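# Working through the structure, step by step
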Amino acid sequence: MFRFGTPEYLWLLLSIPVLLGVYGLYARARKRRLARFGNPALLNLLMPEASPKRVRHKFLLVLLAIALIGVGLARPQFGSKLKEVRRTGIEIMIAVDVSNSMLAQDFEPNRLERTKFAIDRLIEQLDEDQIGLIVFAGEAYVQLPITSDYVAARNFVRHLSTDMVTRQGTAMGAAIDLAAMSFSSGSEGSRVLIVVSDGENHEDDPVASARMAAEKGIKIYTIGIGTEDGAVIPYGGDYIRHEDGSLVVTKLDEQTLEQVALATGGAYIRATNRSIGLNEIIQQINEVEKKQLTTQVFEDYNEQYQYLLALALALLILEMLIISRKNRLLARFNVFKR
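Thresholds applied
Residues numbered from 1 in each chain as written. Predicted model: local features only at pLDDT ≥ 70, side-chain atom pairs only at ≥ 80, totals over all residues. Heavy atoms only, no water. Helix = DSSP H or I, 4+ residues; strand = E, 2+ residues; numbered from the N terminus. Buried < 20%, exposed > 50% of the residue type's maximum accessible area, 1.4 Å probe, protein only. Contact = heavy atoms within 4.5 Å. Areas by Shrake-Rupley, 256 points an atom, 1.4 Å probe, with all protein chains shown as cover. Axes fitted to C-alpha atoms, helices over the stretch in contact; angles between N-to-C directions. Parallel < 35°, antiparallel > 145°, perpendicular 65-115°, else oblique. Left-handed = near helix turned anticlockwise from the far one by under 90°. Nonpolar A, V, L, I, M, F, W, Y, C, P; charged D, E, K, R; others polar. Patch = residues over 30% accessible without salt bridge, like charges linked within 9 Å, V, L, I, M, F, W, Y side chains within 5 Å. Salt bridge = Lys/Arg side-chain N within 4 Å of Asp/Glu carboxyl O. Lys, Arg positive; Asp, Glu negative; His and termini not counted. Charge placed at Lys NZ, Arg CZ, Asp CG, Glu CD. Pairing = 2+ DSSP bridges. Phe/Tyr/Trp six-rings, centres within 6.5 Å; stacked < 30°, edge-to-face > 60°. Arc of directions from axis to C-beta. Polar contact = N/O pair within 3.5 Å; in protein donor to acceptor, adjacent residues only side chain to side chain.

This next bit is on the overall build of the protein. Regarding its fold elements, the protein presents ten helices and 15 strands. Taking all 338 residues of the protein together, 41% fall into the buried category. Pairs at least 24 apart in sequence give 82% of the contacts found in the protein among residues at least 6 apart. Entry remark: accessible area of the protein is about 19200 Å², with carbon and sulfur atoms responsible for 56%.

Contact geometry for helix α6 (residues 172-180) and helix α7 (residues 206-215): axes closest at 8 Å, N-to-C directions at 15°. Here α7 runs roughly parallel to α6, going by the angle between their axes. For the pair α6 and α7, the crossing hand works out as left-handed. Residue-level contacts link M172, G173, I176 and D177 of α6 to P206, S209, A210 and A213 of α7. When the residues that make up the contact of α6 with α7 are grouped by side-chain class, the tally is five nonpolar, two polar and one charged.

Another point: a positive patch on the surface. On the surface, R28, R30, R32, R33 and R36 cluster together into a positively charged patch. On the secondary structure map, R33 appears in helix α1 (residues 15-35).

Between side chains of opposite charge, pairing is possible as soon as their charged atoms come close. Inspection of every chain in the model, using the stated rule, returns twelve salt bridges. Here E124 makes a salt bridge to R154, at a shortest N to O gap of 3.0 Å. Here E124, found in helix α4 (residues 111-125), pairs with R154, found in helix α5 (residues 150-158); they are 30 residues apart in sequence, far enough to count as distant. For E124, a relative accessible area of 46% gives the class partly exposed. The exposure class assigned to R154 is partly exposed, which follows from its relative accessible area of 22%. Here R270 and E254 are joined by a salt bridge, their closest N and O atoms 2.7 Å apart. In this pair, R270 is assigned in strand β13 (residues 268-270) and E254 in helix α8 (residues 254-264), connecting sequence segments 16 residues apart.

A few words on the pairing of strand β6 (residues 140-147). Consecutive side chains of a regular strand alternate in pointing toward one face of the sheet and then the other. Pairing between strand β5 (residues 130-136) and β6: five bridges, direction antiparallel. Bridged to I131 within β6 is T147. Turn length for the β5-β6 hairpin, with the two strands adjacent in sequence and antiparallel, is three residues.

The tally for this structure, following the rule as stated, stands at two aromatic pairs. Centroid distance Y23 to Y26: 6.3 Å. Interplanar angle 45°. Geometry classified as tilted. One end of the pair, Y23, and the other, Y26, are both in helix α1, three residues apart, so they sit about a helical turn from each other. Geometrically, the ring pair formed by Y23 and F59 is stacked, given 4.3 Å between the ring centres and 10° between the ring planes.

For the rest of this paragraph, the subject is the environment of F107. Within the secondary structure, F107 sits in the loop between β4 (91-97) and α4. For F107, a relative accessible area of 3% corresponds to the buried category.

Here the focus is the sheet that holds β4. Taken in spatial order, the six strands of this open sheet run β6-β5-β4-β7-β8-β13, and their pairing is mixed. Each edge of the open sheet is held by one strand with a lone partner, namely β6 and β13. In this sheet, neighbouring strand axes are inclined to one another by 15° on average, regardless of whether the strands run parallel or antiparallel. Pairing of β4 with strand β7 (residues 191-197) involves six bridges; the strand directions are parallel. The residue of β7 that forms the bridge with E91 is R191. Against the sheet, α8 engages β7, β8 (218-224) and β13, with an angle of about 160° to β8.

Okay, α7 next. Among the residues making up α7, those that are buried are P206, V207, S209, A210 and A213. One side of α7 carries all its buried residues, which in axial view fall inside an arc of 155°. Set apart from the buried face of α7 by more than 90 degrees, the exposed residues are R211, M212 and E215. Elements in contact with the buried residues of α7: α6, β8 and α8. In this structure D205 caps α7, since a side-chain oxygen of it lies 3.3 Å from the backbone nitrogen of V207. Directly after α7, the chain includes G217, whose backbone phi takes a positive value near 80°.

This next bit is on the packing of α4 against α5. Put simply, α4 and α5 touch, their axes get as near as 9 Å, and they point 175° apart. One finds that α4 runs roughly antiparallel with respect to α5. Counting all contacts with α4, which are made through K116, I119, D120, I123 and E124, the residues of α5 involved are Y150, A153, R154, V157 and R158.

Quick look at the structure:
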């Protein structure tokens, strides 16, 4: 495994072509200035100690040193130890309905805020399990891939809102299909999808999607949040209305949610103001034998920058030792082969 610890220093490499361009302009200008004094061949005889090749070689040594310094400051690192981490847990993907109907206030302060609070409390109780997050309305998106970083998960949950998906609707089937592709390899037998929604699906066939998910070893638990009587949807200081001006009333559709859960051998729970139902689902999940999952991680990274910086220093010292003109005492050692 290779990586750069501070890759922003690689921008220093862009100075090399700039310096090459400046040096090229300088060399051309110098050549024109010398041409004003006479024939170049005659000038070479008059300046026996001049060595343009030495100047070029010194410049190339500086360029190479700059390149090594740039890469060195970026801190190249190699993963030195591949460690197997064994854990006993499950992978939980939570799909949250963020359509406008989740703004209904038949749950305090509204359906979505109550859901966010319950998920946050759930994450506090997780230990060896991994969690991911999907949001859906008229479309579905992975908000957080499967991870064991509970701090990041809680942060993502706190920022859930109905503005995350611009297309309105309730594409529960799309969320299930997306979740089925989002579990990690090797987690077969320990995959759980929890869908939190009011169940009013208007876009696709979530039951068919659930059957396909069951074939991949995914068990789906559904939570219905809402009431049978329904509630109006506040929006922009007013309420969402039909084209004829009448108020839109969103009601809990338990039938769809029950069928989705039944198709995978999961369970359906109706949320209440006292409990959303996530804790009850986790208790049911914990009763099932958890699978031991193995992941490989690079435990340590060896820093390699010191070798590059040492070589760059050696090149700069060599550049200083090389004089720009010929040395008569060292003329017999024609290193630069004029």
